[in-house]
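Structural features, examined
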Amino acid sequence: MVKKKWTALDITMGSLFVAMMAVGANITSIAPFMVIGGVPITLQTFFAILAGLVLGSRLGAFSMLVYMLLGLAGTPIFAQFKGGAGMLMGPTFGFIISYILVAYIVGKMVEMKRTLPMYIAAALTGMAFNYIFGTNWMYAAYVLWFDAPEGFTYTMAWGWMMVPLPKDIALSVVAGFLGMRLERSVLANSQFRRERRKSVA
């Protein structure tokens, strides 16, 4: 199968999701109390999932890759307006890496079957992957190279993640509904939707 070249509309849609990731990352700028155990509570998982649902596996993952590379280059678009190569060694960088894989996995799932149950299942699967990958990276970082809080354990790491979990489960379900609605309404007659479907046919 020959992969299609991305159009200007594809790039525009991808750029929109990069911007939404930057905004979603910094909800804590107006609510600084939304940081638990050094882990900011953000909307990044929601937008990464939605990117896969709306843009598809390839463009969704590429958009998340661009988001990560822009942040590593120094653009302050990570949580709490952080950026720079130093983030590579941070305990939460695993979550940033996971967004690329989340978008790809979610996109692949709905490309196989475009039904509401699949959209919701894909969104929840993406969220679960984000938690598993990011939390294990965070634990490894604190154990191997980052200054860990006193008494830090694997159970403590997962305990921190229980705080945003209800929010992310709810938002994943919302993303499933919203992604399906965008597929069937907002993008229903657009060139973007037709071309995206051709690319995975």
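The protein is annotated in an unreviewed UniProt entry as Biotin transporter from Pontibacillus chungwhensis BH030062. Heading Sequence similarities (unreviewed entry) of the UniProt record for the protein holds this comment: "Belongs to the BioY family." Recorded in UniProt under Subcellular location (unreviewed entry), the annotation for the protein is "Cell membrane".

1. Here we look at the pattern of salt bridges
Overall, the coordinates contain one salt bridge when judged by the stated rule. Here D168 makes a salt bridge to K167, at a shortest N to O gap of 2.9 Å.

2. Digging into the packing of helix 2 (residues 44-55) against helix 4 (residues 93-112)
Where helix 2 contacts helix 4, the two axes come as close as 7 Å, and the packing angle between them is 40°. Taken as axis vectors, helix 2 and helix 4 run oblique relative to one another. In terms of crossing hand, the pair formed by helix 2 and helix 4 is right-handed. In this structure, helix 2 contributes Q44, T45, A48, I49, G52 and L53 to the contact, and helix 4 contributes Y99, V102, A103, V106, G107 and V110. Residues that form the contact of helix 2 with helix 4 fall into these classes: eight nonpolar, four polar and no charged.

Reading the values: the criteria
Residues numbered from 1 in each chain as written. Predicted model: local features only at pLDDT ≥ 70, side-chain atom pairs only at ≥ 80, totals over all residues. Heavy atoms only, no water. UniProt positions renumbered as here; feature names shortened; annotations may be inferred. Salt bridge = Lys/Arg side-chain N within 4 Å of Asp/Glu carboxyl O. Axes fitted to C-alpha atoms, helices over the stretch in contact; angles between N-to-C directions. Helix = DSSP H or I, 4+ residues; strand = E, 2+ residues; numbered from the N terminus. Parallel < 35°, antiparallel > 145°, perpendicular 65-115°, else oblique. Left-handed = near helix turned anticlockwise from the far one by under 90°. Contact = heavy atoms within 4.5 Å. Nonpolar A, V, L, I, M, F, W, Y, C, P; charged D, E, K, R; others polar.

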